[in-house]
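Summary of the model geometry
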Amino acid sequence: MQRRDFLKLSATAGAVSCITACGSKSSDSPAPVAPAEEQLNWTACLVNCGSNCPLKVYSVDGVCTRVETDWAESDDYGNHQVRACLRGRSLRQRNYAPDRLKTPLRRVAGTKRGAGQWEQISWETAFSEIGTKLAQLKADHGPRSIYHHYVSGAYYSFASGNCIRRALDCAGGERGFLAYYSNYSWAALTETAGATFGHGATSGTRHSHIRDADFFLGIGFNPFEMRMSGSGEQIDFMKAVEERRANGQKFKAIMIDPRYTDSNLGKEDEWLPIRPGTDGAMAAAIAYEMMKGSDEDHSDSWVELNSRDFLNSYTVGYDAASIRAAIAADPTLQPKHDDGTIAITVDEMAANNYKDYILGSGKFDAITGTAPDYEKGAKDAEWAEAICGIPADKLREIASELMASSNPYIQIGAGPNRQAAGEQTMRSLYMLSILAGKLGQAGTNTGELPSNFRHNTAGMGYSYADKDGSKASLCFFDWVEAVKDGKDMDYRSHGVKIYNKDGELQRDEKLGTDIKAVFCSAGNGLINQHCDINYTRPILEDESKAELIVVTDCWLTPSAEIADYVLPDSTWMESNDIADDSYSSGETGYQTYMSSSLKPFFESTKSMYDIGLGIVKASGGDVSTYTDGKADASEWLDELYEQTKAKSQNATLNLPATYAEAQAKGFFRGHAPDRGPLTLESFVNEGAALSTTTGKIEIFSFKWAIDNPRRDTFVADDRDASTHVDMIDPTPKYVPHWQGFEDDDTPQGKEEVENYPLQVCGYHTKGRAHSSYHNVKWLRDAVEDCVWVNPADAGEFNSGDEVIMESPRGKLQIRMRITPRVAPGVVALPEGAWYKASAAGEVDSGGCVNTLTKYHPCPVSRGNTQHTIRVKLYKANA
Ligand code: SF4
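The rules we used
- Residues numbered from 1 in each chain as written.
- Predicted model: local features only at pLDDT ≥ 70, side-chain atom pairs only at ≥ 80, totals over all residues.
- Heavy atoms only, no water.
- UniProt positions renumbered as here; feature names shortened; annotations may be inferred.
- 1 Å grid on protein atoms, 1.4 Å probe; cavity = no way out; pocket = protein on both sides within 12 Å on 5 of 7 lines; lining within 4 Å.
- Points joined across faces, edges and corners; volume = space filled by probe spheres on them.
- Helix = DSSP H or I, 4+ residues; strand = E, 2+ residues; numbered from the N terminus.
- Nonpolar A, V, L, I, M, F, W, Y, C, P; charged D, E, K, R; others polar.
- Pairing = 2+ DSSP bridges.
- Axes fitted to C-alpha atoms, helices over the stretch in contact; angles between N-to-C directions.
- Domains from an automatic or database assignment.
- Contact = heavy atoms within 4.5 Å.
- Buried area = accessible area lost by both parts, 1.4 Å probe.
- Salt bridge = Lys/Arg side-chain N within 4 Å of Asp/Glu carboxyl O.
- Near = heavy atom within 4 Å.
- Buried < 20%, exposed > 50% of the residue type's maximum accessible area, 1.4 Å probe, protein only.
- Right-handed = clockwise from strand over helix to strand, strands pointing away.
- Phe/Tyr/Trp six-rings, centres within 6.5 Å; stacked < 30°, edge-to-face > 60°.
- Lys NZ or Arg CZ within 6 Å of the ring centre and 35° of its normal.
- Core = buried A, V, L, I, M, F, W, Y, C linked by side-chain atoms within 4.5 Å.
- Polar contact = N/O pair within 3.5 Å; in protein donor to acceptor, adjacent residues only side chain to side chain.
- Parallel < 35°, antiparallel > 145°, perpendicular 65-115°, else oblique.
- Left-handed = near helix turned anticlockwise from the far one by under 90°.
- Patch = residues over 30% accessible without salt bridge, like charges linked within 9 Å, V, L, I, M, F, W, Y side chains within 5 Å.
- Areas by Shrake-Rupley, 256 points an atom, 1.4 Å probe, with all protein chains shown as cover.
- Lys, Arg positive; Asp, Glu negative; His and termini not counted.
- Charge placed at Lys NZ, Arg CZ, Asp CG, Glu CD.

As named in an unreviewed UniProt entry, the protein is Molybdopterin-dependent oxidoreductase, taken from Ferrimonas lipolytica. Among the UniProt annotations of the protein, the heading Sequence similarities (unreviewed entry) holds the following wording: "Belongs to the prokaryotic molybdopterin-containing oxidoreductase family."

Attention now moves to the layout of surface pockets. In this structure, the largest pocket occupies an estimated 860 Å³ of space. At the level of elements, α4 (161-170) and β8 (179-181) are the ones that each hand at least two residues to the lining of the largest pocket. Counting residues per element, the lining of the largest pocket draws most heavily on α4, which supplies 3 residues. Broken down by class, the residue content of the lining of the largest pocket amounts to 13 nonpolar, 17 polar and 3 charged.

Turning our eyes to something else, we now look at the sheet that holds strand β18 (residues 548-553). Spatially, β6-β5-β19-β18-β17-β7 is the arrangement adopted by the 6 strands of the open sheet, whose pairing is mixed. Strands with a single pairing partner mark the edges of an open sheet, and in this sheet they are β6 (118-120) and β7 (146-148). Neighbour-to-neighbour, the strand axes of the sheet open up by a mean angle of 20 degrees, direction not taken into account. Strand direction decides the pairing type here: strand β5 (residues 105-107) and strand β19 (residues 565-568), joined by 2 bridges, are antiparallel. Residue pairing for β19: Arg106 is matched across the bridge by Tyr565.

All right, on to the domain arrangement of the protein then. By the assigned domains, the protein splits into domain 1 (187-449 + 680-709) and domain 2 (738-875). For domain 1 versus domain 2, the distance between C-alpha centres works out to 29 Å. With 27 residues of domain 1 in contact, the opposing surface of domain 2 contributes 29 residues. Taken together, the two surfaces of domain 1 and domain 2 that pack against each other cover about 2400 Å², and 58% of this comes from carbon and sulfur. Counting every contact that joins domain 1 to domain 2 gives 3 salt bridges.

Looking now at the site of the ligand. Around the ligand, the neighbouring residues are Cys45, Val47, Cys49, Ser51, Asn52, Cys53, Ala84, Cys85, Arg87, Gly88, Met228 and Ser229. In terms of residue class, the shell around the ligand is built from 7 nonpolar, 4 polar and 1 charged.

Turning next to the pairing of strand β17 (residues 517-521). Counting buried residues in β17 gives 5 out of 5 residues, a clear majority hidden from the surface. Burial along β17 is two-sided: the residues Ala517, Phe519 and Ser521 and Val518 and Cys520 are all buried. With 3 bridges connecting them, β7 and β17 associate as parallel partners. The partner of Tyr147 across the bridge, within β17, is Val518. Pairing analysis gives 5 bridges linking β17 to β18, with the strands arranged parallel. Each residue of the ladder has a partner; that of Cys520, found in β18, is Val551. Following the chain from β17 across helix α18 (residues 533-541) to the adjacent parallel β18, one finds a crossover that is right-handed.

Moving on, we come to the packing of aromatic side chains. Scanning the entire structure with this criterion turns up 37 aromatic pairs. Here Tyr260 and Trp271 contribute two aromatic rings whose centre-to-centre distance is 5.4 Å and whose plane-to-plane angle is 70 degrees, an arrangement assigned as edge-to-face. Here Trp271 lies in strand β11 (residues 270-272) and Tyr260 lies in the loop between β10 (252-256) and β11, a separation of 11 residues in the sequence. Both residues of the pair, Tyr260 and Trp271, belong to the buried class. What links up through ring pairs into an aromatic cluster is the set Tyr150, Tyr180, Tyr184, Phe476, Phe477, Tyr535, Phe714 and Tyr855. Seen from the ring of Trp788, Arg259 lies directly overhead, with NZ or CZ sitting 4.6 Å from the centre. Its end group placed over the ring of Trp704, Arg427 keeps NZ or CZ at 5.3 Å from the ring centre.

This brings us to the sheet that holds β8. Across the sheet, 3 strands lie side by side as β8-β15-β16; this open sheet has mixed pairing. The strands lining the two open edges of the sheet, one partner per strand, are β8 and β16 (497-499). Averaged over neighbouring strand pairs, the angle between their axes works out to 30 degrees when direction is ignored. Two strands pair when backbone bridges link them, and β8 and strand β15 (residues 471-475) are joined in this way by 3 bridges, in the parallel orientation. By the bridge assignment, Tyr180 is partnered in β15 with Leu474.

Residues Phe519, Leu548 and Trp572 are the most contacted members of the largest nonpolar core, which totals 72 residues. With sequence-adjacent residues up to four places away left out, Phe519 is seen in contact with Ile130, Leu134, Tyr147, His148, His149, Ile164, Leu168, Leu548, Val550 and Ile615. In terms of nonpolar packing, the next biggest core, distinct from the first, is built from 66 residues, Ile256, Ala284, Leu429 and Ile697 among them.

Once that is clear, we can look at the side chain of Glu38. With respect to the helices and strands, Glu38 occurs in strand β2 (residues 38-44). Of the polar contacts made by the side chain of Glu38, one reaches the side chain of Arg66; its length is 2.8 Å.

Here we come to the packing of α4 against helix α20 (residues 608-618). In contact at an axis separation of 8 Å, α4 and α20 are set at 10 degrees when each is read in the N-to-C sense. Here α4 lies roughly parallel to α20, going by the angle between them. Contacts between α4 and α20 involve Gly161, Cys163, Ile164, Ala167 and Cys170 from the former and Met608, Tyr609, Ile611, Gly612 and Val616 from the latter.

Next up on the list: the packing of helix α13 (residues 381-388) against helix α14 (residues 392-404). Each pair of packed helices can be summarised by the angle the axes make with each other and by the distance between the axes. Remark: α13 packs on α14, axes separated minimally by 8 Å, with the N-to-C direction vectors making an angle of 115 degrees. Remark: the crossing between α13 and α14 carries right-handed chirality. Here Ala381, Glu382, Ala384, Glu385 and Cys388 of α13 lie close against α14, whose contacting residues are Ala392, Leu395 and Arg396. Here the residues of the contact of α13 with α14 sort into 5 nonpolar, no polar and 3 charged.

One can find Glu541 in helix α18. Once residues within four sequence positions are removed from consideration, Glu541 is found in contact with Lys112, Arg113 and Ile562.

A surface patch of negative charge is lined by Asp295, Glu296, Asp297 and Asp300. Considering the arrangement of structural elements, one finds Asp300 in the loop between α8 (279-291) and α9 (302-314).

Within the chain, Asp532 stands out as a residue other than glycine whose phi angle is a positive 45 degrees. Assignment of secondary structure puts Asp532 in the loop between β17 and α18. Of note, Asp628 is a non-glycine position whose phi angle comes to about 55 degrees, a positive value. You can see Asp628 is positioned in the loop between α21 (623-627) and α22 (633-646).

Across 4 bridges, strand β25 (residues 786-789) lies against strand β27 (residues 810-818) in parallel orientation. Of the residues in β27, the one forming a bridge with Val789 is Ile818. As paired strands, β25 and strand β28 (residues 826-830) are joined by 2 bridges and run antiparallel to one another. Within the sheet, the bridge partner assigned to Trp788 lies in β28 and is Ala828.

This brings us to the environment of Ala840. Within the element layout of this structure, Ala840 appears in the loop between β28 and β29 (870-875). Taking the relative accessible area as the measure of exposure, Ala840 reaches 32% and is therefore partly exposed. Expressed as a C-alpha distance, the spacing of Ala840 and Asp729, which sit 111 residues apart in the sequence, is 36 Å. In this structure, Ala840 is in contact with Asn534, Arg537, Pro538 and Tyr835, ignoring residues within four places of it in sequence.

Next up on the list: helix α5 (residues 187-197). Counting buried positions along α5 gives 9 out of 11 residues, so the element sits mostly inside the fold. Within the span of α5, buried status applies to Ala187, Ala188, Leu189, Glu191, Thr192, Ala193, Ala195, Thr196 and Phe197. As for α5, its buried residues are in contact with α15 (422-436), β14 (445-447), β23 (697-698) and α25 (702-707).

Positionally, Asp490 belongs in the loop between α16 (479-485) and α17 (491-494). Each C-alpha atom of the pair Asp490 and Pro732 lies 27 Å from the other, and the pair is 242 residues apart in sequence. Apart from residues lying up to four places away in sequence, Asp490 is in contact with Gly495, Val496, Arg507, Asp508, Glu509 and Lys510. Looking at Asp490, its side chain comes within polar contact range of the side chain of Lys510, at 2.9 Å.

Structure (structure tokens):
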């Protein structure tokens with residue numbers, strides 16, 4: 001980057017000039033001191049909050065003096081400021097934090113991983129030792145023994161974790177490594193949106209369409225704490241609601257969440273607290289109100305009279321007849337074993353239909369039914385009240401609002417998808433928009449996360465194919481299992497996806513090796529953000545399992561502390577790079593062309609690109625593939641810039657000719673010319689098929705039914721059995737589960753409910769983005785880390801008391817705050833605090849929620865279930 005390209009501002013710091021008019025002789029005067037010039041560079045906040053806000057970095061002589069936000073433009077909606085929140089504005093404190101890594105670190109030989117014994121080493125030594133070991137492990141155990149874990153702490157386009165992935169592919173004598181699929185945010189949600197609507201995770205209707213909605217139902221919808229940017233989908237939501245109300249148009253907003261979140265705060269007409277993990281029961285009761293009629297066939301129900309035509313035309317699997325008709329039309333929809341024999345009869349499939357489940361008929365009859373007890377009986381409001389805690393009258397009111405609405409917009413946040421029954425919860429909630437039968441009409445949404453007017457950038461790519469062209473990946477949530485004992489894992493047991501060179505899924509092929517090397521770059525998922533730390537930590541401490549753990553980061557995070565080597569990365573403020581608008585930008589898309597005038601920290605940090613290059617070289621790997629023949633990072637950035645410019649959606653940004661010119665301006669934004677399409681509009685109104693198995697909305701998921709006989713169920717280690725929640729069920733249902741509101745019909749489940757009386761709601765705090773920014777004292781002082789407890793549960797406790805939260809998996813210590821902003825029977829704990837304990841099983845004085853969580857994946861996606869926790873509370877030091 002050429003410094004002359006930067007905007008030069010007049011001096012504001014340290015400027016001293018000699019005033020000759022004061023009468024002193026020129027020979028007595030000190031030599032004139034040139035005014036220090038303050039430089040302005042643009043950077044971006046690249047955490048995983050969904051925004052990537054731009055930031056202005058001012059510096060003098062290579063040292064940051066202040067950070068400002070995007071304030072120069074007007075703030076009229078449509079050309080509004082993408083203002084950073086308190087997190088981004090504390091970037092200077094984060095950059096110069098006392099725990100900033102200054103040199104490569106190596107764990108002291110003979111000490112235990114996680115013991116905190118480090119020695120400083122040179123980059124040459126670090127590269128040499130890591131490269132040599134990596135090459136040896138690849139040769140001895142194959143590329144699938146080398147794993148890079150999920151990371152989301154540096155959403156660059158160029159010098160991101162992809163550089164390290166690219167390095168792992170190119171390192172040693174053989175191409176390839178073990179990748180992961182899916183992510184900690186949206187695993188169950190993505191699976192269920194695909195199974196139901198054939199969509200990805202963010203294919204819902206944009207929030208601007210709420211201007212046409214007369215009813216908004218938000219469930220676990222809390223963007224205002226997740227991201228607090230001056231732009232983004234939450235601003236579109238607020239503007240649309242304001243406009244609708246200001247115009248005096250009919251509008252009602254009901255928010256359902258265990259917490260009274262900042263996404264309420266007056267934007268809602270009503271907040272209804274709900275018990276975590278019981279959304280499926282709530283949804284079933286609303287469905288019951290819509291589907292019940294006065295006769296045995298419910299032929300005069302609201303659904304029969306109002307949305308039956310929609311269900312007949314656009315959905316499959318509402319009732320037994322619909323399932324039978326679909327299979328008659330396409331016999332391949334009937335699940336078979338691999339040998340071709342029938343896995344489940346048509347009668348059995350038809351009996352397992354949504355209508356009978358909700359109304360308590362057929363096999364779900366309370367008296368004569370053959371279904372498990374928890375599935376039997378009518379799912380009426382009284383049944384649901386006892387489970388979810390929302391009064392029956394309120395459940396009927398929600399149903400009435402939904403039935404009376406011409407244009408209902410339903411929005412389900414990501415929180416409910418991280419529950420033990422996350423997949424069934426999401427499928428049950430999606431049923432509300434389907435039953436309403438208005439999809440495709442103005443102002444409506446399926447419940448999916450909204451799409452965005454995105455301006456994607458071109459990024460650094462990588463391959464993980466081995467020399468035969470075969471690719472192996474496992475679900476992000478299963479990586480510790482693969483460290484522990486991965487060689488026999490396959491698609492059936494763990495959803496391991498191994499594709500041959502022709503792209504065919506190899507269901508019976510085993511992974512063939514345990515993970516022997518773990519890399520993590522700008523992420524905290526080795527310890528802090530993965531589940532059940534007291535289970536994970538001893539596995540990672542065992543050097544006979546993973547023989548090499550390398551973390552690349554700027555700070556000594558809890559994940560870095562478990563590593564063998566910690567390599568100091570450059571920060572966002574020290575980087576030339578490209579940042580896009582992340583995944584929740586709403587109507588305003590943008591890009592930031594990052595540049596830096598800062599001196600490298602202690603002259604010894606490196607970008608992830610250079611770290612990757614050092615590893616490849618030292619391992620004797622394929623350097624030319626890694627560099628793609630480019631001399632340095634600037635050549636990469638020029639190329640990525642050209643590719644970014646060529647993307648058609650970036651035309652609205654009017655990007656200049658060169659990357660250097662883009663850096664000089666720094667920030668580009670473009671507001672959407674229109675609100676974008678309604679979700680399912682082309683399917684409903686233009687006859688386009690969905691990419692589900694049948695091409696229609698699948699109330700009964702044939703994809704899951706077909707996959708069911710090909711998958712093993714998860715056997716919980718603490719139950720030595722699979723329970724209801726571990727089954728792949730194609731019909732949306734409420735499922736009691738481990739550590740849920742009610743027990744899962746096992747002795748362990750009953751003990752959990754009895755001994756751990758409070759459910760936990762983990763949430764995104766304003767004080768950090770996941771675990772990013774936790775080490776900034778400003779933020780710790782500004783936003784208290786504490787557990788919220790309802791007054792009804794406070795007993796002898798007072799706000800400010802230090803308490804121990806204990807789950808069946810571990811204990812943490814934290815301060816208590818008593819507030820009616822959390823549902824009775826539920827306590828709320830912010831996620832992302834940094835774990836602090838010197839050994840597994842000790843009390844975590846850092847207050848990390850994953851000291852309490854359990855490893856127990858969802859059955860279809862194998863996604864994380866970290867929002868399902870039960871605890872007991874008692875005073876610390878009591
Ligand atoms: S945390 Fe999110 S909202 Fe806040 S400054 Fe960073 S990107 Fe913007």
